[in-house]
Amino acid sequence: MKEILIRQKQILFFIIAGGLSAIVEIGSFKIFSTYLPHFLAKETNFHGIHYPLSNIFSTSCGIITNYFLSIWFVFERGKHSKKKEFLYFMVVSFFSTLLSLSFFQIFYSFIFKDNINLFFYTLSPEMISKISAILLVSVLNYSIKKKVIFNG
């Protein structure tokens, strides 16, 4: 019974840490995607890739936030040294980033074409695509980070 409660607590903290990391990622994406096109005209469409730098920079902000929240609140330290743990975290995050960027491109190019009005805020297709990509990759991230990096 205690193990179930600990696991559920860990999942809850992972969701909270992931939510906070997503807020950082989405907020920084909004900032980057708003201001970078003023300096780099190709940012909105670089050879068919939409907002590449905004995605990379904002995902990096989210990954760093998630790493620190994960080690402070979610997972117990595993058998790896801090350096190895960080390296594994970054490798997993790199592949997760590629997956997230791919999902973003698919969603933005083919699925989400219109704004969604939430009465208090309007979500643009790029924001909906970013949020959707984050949600899809989060499930995979939890499993890999728990099993491989933090040896749960």
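Scroll up to find the structure this text is about.
Residues numbered from 1 in each chain as written. Predicted model: local features only at pLDDT ≥ 70, side-chain atom pairs only at ≥ 80, totals over all residues. Heavy atoms only, no water.

Visitor: Before we move on, could you go through the packing of aromatic side chains and cite the residues and values that matter?
Guide: Counted by the stated rule, this structure contains 12 aromatic pairs. Chaining the aromatic ring pairs together yields one cluster made of Tyr-67, Phe-68, Trp-72, Phe-86 and Phe-89. (Phe/Tyr/Trp six-rings, centres within 6.5 Å; stacked < 30°, edge-to-face > 60°.)

Visitor: Which residues make up unusual backbone geometry, and what values go with them?
Guide: Located in the positive-phi region is Tyr-51, a residue other than glycine, with phi close to 55 degrees. Checked against the element boundaries, Tyr-51 lands in the loop between helix H1 (2-39) and helix H2 (52-74). Given a relative accessible area of 8%, Tyr-51 falls into the buried group. The phi dihedral of Phe-119 falls on the positive side, at around 75 degrees, and the residue is not glycine. Following the sequence through the fold, Phe-119 ends up in the loop between strand E1 (116-117) and strand E2 (122-123). (Helix = DSSP H or I, 4+ residues; strand = E, 2+ residues; numbered from the N terminus. Buried < 20%, exposed > 50% of the residue type's maximum accessible area, 1.4 Å probe, protein only.)

Visitor: So what's going on with the pattern of salt bridges? Which residues, and what values?
Guide: When the charged atoms of two side chains with opposite charge come close together, those side chains can pair. In this structure the tally under the stated criterion is one salt bridge. In this structure, the salt-bridge partner of Lys-130 is Glu-25, at a minimum N-O distance of 2.9 Å. Of this pair, Lys-130 sits in helix H4 (residues 125-149) while Glu-25 is found in helix H1, placing the two residues 105 residues apart along the sequence. Across this residue pair, the class does not change: Lys-130 and Glu-25 are buried. (Salt bridge = Lys/Arg side-chain N within 4 Å of Asp/Glu carboxyl O.)

Visitor: Any chance you could break down the side chain of Glu-126 for me, citing the residues and the numbers?
Guide: Here Glu-126 lies in helix H4. It is Lys-30 that comes nearest to the buried, bridge-free Glu-126 among opposite-charge side chains, at 5.7 Å. Once residues within four sequence positions are removed from consideration, Glu-126 is found in contact with Phe-29, Tyr-51, Phe-104 and Tyr-108. (Lys, Arg positive; Asp, Glu negative; His and termini not counted. Contact = heavy atoms within 4.5 Å.)

Visitor: Explain the environment of Ser-70 to me, and be specific about the residues and the numbers.
Guide: You can see Ser-70 is positioned in helix H2. A sequence separation of 14 residues divides Ser-70 from Lys-84, and the C-alpha atoms of the two residues are 15 Å apart.

Visitor: Please set out the packing of helix H3 (residues 82-111) against H4 residue by residue, giving values where relevant.
Guide: Their axes nearest at 8 Å, the elements H3 and H4 cross at an angle of 150 degrees. Compared by their axis directions, H3 and H4 come out roughly antiparallel. For the crossing formed where H3 meets H4, the hand is right-handed. Of the residues assigned to the contact of H3 with H4, the class counts are 16 nonpolar, six polar and four charged. (Axes fitted to C-alpha atoms, helices over the stretch in contact; angles between N-to-C directions. Parallel < 35°, antiparallel > 145°, perpendicular 65-115°, else oblique. Left-handed = near helix turned anticlockwise from the far one by under 90°. Nonpolar A, V, L, I, M, F, W, Y, C, P; charged D, E, K, R; others polar.)

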